[in-house]
Amino acid sequence: MLKSFAAAAAVLAAIGFGSASAADYPTRPVTMIVPFAAGGPTDTVTRLVAESMSKDLGQQIVVENIGGAGGTLGAGRVAKSEPDGYTLLLHHISMATSATLYRKLPYDTLGGFEYVGLVTEVPMTLVARSDFEPKDLKAFIDYVKANKDKVTYANAGVGAASHLCGLLFMSKIETQMTTVPYKGTGPAMTDLVGKQVDTMCDQTTNTTNQIKGGKIKAYATTTTTRVSSLPDVPTAAEAGLPGFEVSIWHGIYAPKGTSPEIVKKLSASLQKALKDPLVVKRFADLGTTPVSDADATPEALKAKLTSEIDRWAPVIKAAGVYAD
Ligand code: MLT
């Protein structure tokens, strides 16, 4: 009799019933939401980290893409999920910029999540379709100023990193291009390679291989020093546009109310994943590096998000850009 009760309890716990304690967590697959379409930079970072954390936790971390509205739809889904540790979010700087850009969000930015930790900070690259006429950044800027909204610019929606980078670029050259929004820069890259759209600013995790393969043209990186995986691409300052610097930090969140023990276990697993040689190498190949243990913590992510909301609010308000 006892055997059958124990067996039944194990089955119920395995399918999520009963009170599987934090000590047993996770007892079933975990979903990690990427708030952009598959194939983009956020998806790439998430799949690398999720694969390594799955090995450590002994349960599959299943990546689910929920694109739309610059990442706010996916973040909203996670905020509304059960705080049981089985739904997580990997998101980036847009958590901070959307707090100012969106008059109404489907979540409370600072009150709707528990913080697991920072993951990585990724440089951006200003790129164009491979047959685009301008040969370098100066010629590109002159071309955009001369052709204005005839030039198309792809991004992943208002609030996305690709939107923020474009906002900064267009305000620096005081010229507006025509924006073409996608559910992520994965599909946007497909159109850029296919010469259906002219230009984009995207993270090296999505542009490095296309640049190296000659599928797209790179004008500059948005960094103070050259990106190791793209040694031939000048920084914007070197190419004649000083002060055009932005890099995209990423963090992992859980719904508010997720137990501290589970958050602690996830942060420890994240720290291990960020030291996984495969993750370190793949990040390096794509122009980025994992954060330190000290930054892969709830405290570091909370501090980063809070300071970045304060940093970008005046920049966004000055640009006069909002999303309803
Ligand atoms: C963005 O903010 O532009 C996103 O990172 C794009 C993506 O990950 O698909």
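Just above sits the structure.
Keep in mind that what you see is a predicted model, and the values were worked out from it rather than measured.

Moving on, we get to empty space enclosed by the protein. This model, assessed by the stated rule, comprises two cavities of 30 Å³ or more. There is about 60 Å³ of room inside the largest cavity. In this structure, the largest cavity is lined by F36, P41, T42, H92, A156, A160, A161, S162, G184, T185, D202 and Q203. Breaking the lining of the largest cavity down by element, the ones donating at least two residues are α2 (41-57), α6 (161-173) and β7 (199-203). For the lining of the largest cavity, a count of residues per class yields five nonpolar, six polar and one charged. Composition of the lining of the largest cavity by domain shows at least three residues from each of domain 1 (2-122 + 248-319) and domain 2 (123-221). When its volume is computed, the second largest cavity comes out at roughly 30 Å³. Looking at the second largest cavity, the residues that line it are L48, E51, S52, K55, D276, L278 and V279.

Residues spaced three or four apart along an α-helix face the same direction, because each turn holds 3.6 residues. For helix α5 (residues 137-147), every residue scored as buried is listed here: L137, F140, I141 and V144. Viewed end-on, α5 has its buried residues packed into an arc of 100°, placing them on one side of the element. Along α5, exposed side chains directed more than 90 degrees from the buried face belong to K138 and A146. Buried residues along α5 sit against β4 (113-129), α6, β7 and β8 (216-221). Where α5 begins, the capping side chain belongs to D136, and its oxygen is found 3.3 Å from the backbone nitrogen of K138.

Summed over the entire model, instances satisfying the criterion amount to one disulfide. Sulfur-sulfur distance for the disulfide between C165 and C201 comes to 1.9 Å. Taking the sign of the S-S torsion, about 55° here, the bridge from C165 to C201 comes out right-handed. Taken together, the positions of C165 in helix α6 and C201 in strand β7 put the pair 36 residues apart, joining distant regions of the chain. Considered together, C165 and C201 belong to a single accessibility category, that of buried residues.

Reading the values: rules and limits
- Within any chain, residue numbers begin from 1 and follow the written order of that chain's sequence.
- Given that this is a predicted model, residues contribute local features only at a pLDDT of at least 70 and side-chain atom pairs are listed and counted only at 80 or more, while totals for whole chains, interfaces and linings are drawn from all residues.
- Hydrogens and water are ignored here; the side-chain numbers use all heavy atoms of the structure.
- Using protein atoms alone on a 1 Å grid, points that fit a 1.4 Å probe yet trap it form a cavity, whereas open point sets bounded by protein on both sides within 12 Å along at least five of seven lines form a pocket; residues with an atom within 4 Å of a point count as lining.
- Grid points are joined across faces, edges and corners, and a volume is the space filled by probe spheres set on the points.
- Secondary structure elements follow DSSP: runs of H or I of four or more residues count as helices, runs of E of two or more count as strands, with numbering from the N terminus.
- In this classification, the charged set is Asp, Glu, Lys and Arg, the nonpolar set is Ala, Val, Leu, Ile, Met, Phe, Trp, Tyr, Cys and Pro, and all remaining amino acids, among them Gly, are polar.
- All domain edges in this entry derive from an automatic or database-based domain assignment.
- Only protein chains enter the accessibility calculation, which uses a 1.4 Å probe. A residue is then buried if its area is under 20% of the maximum for its type, exposed if over 50%, and partly exposed in between.
- Summarising the geometry, the arc corresponds to the directions from the helix axis toward the C-beta atoms.
- Residues are treated as being in contact if the distance between any of their heavy atoms lies within 4.5 Å.
- Nitrogen and oxygen atoms within 3.5 Å of one another constitute a polar contact, given that in protein one can donate a hydrogen and the other can accept it, and given that sequence-neighbouring residues count only through two side-chain atoms.
- The disulfide definition used here is simple: a pair of cysteine sulfur atoms within 2.5 Å.

That's the geometry; what it means functionally is another story.
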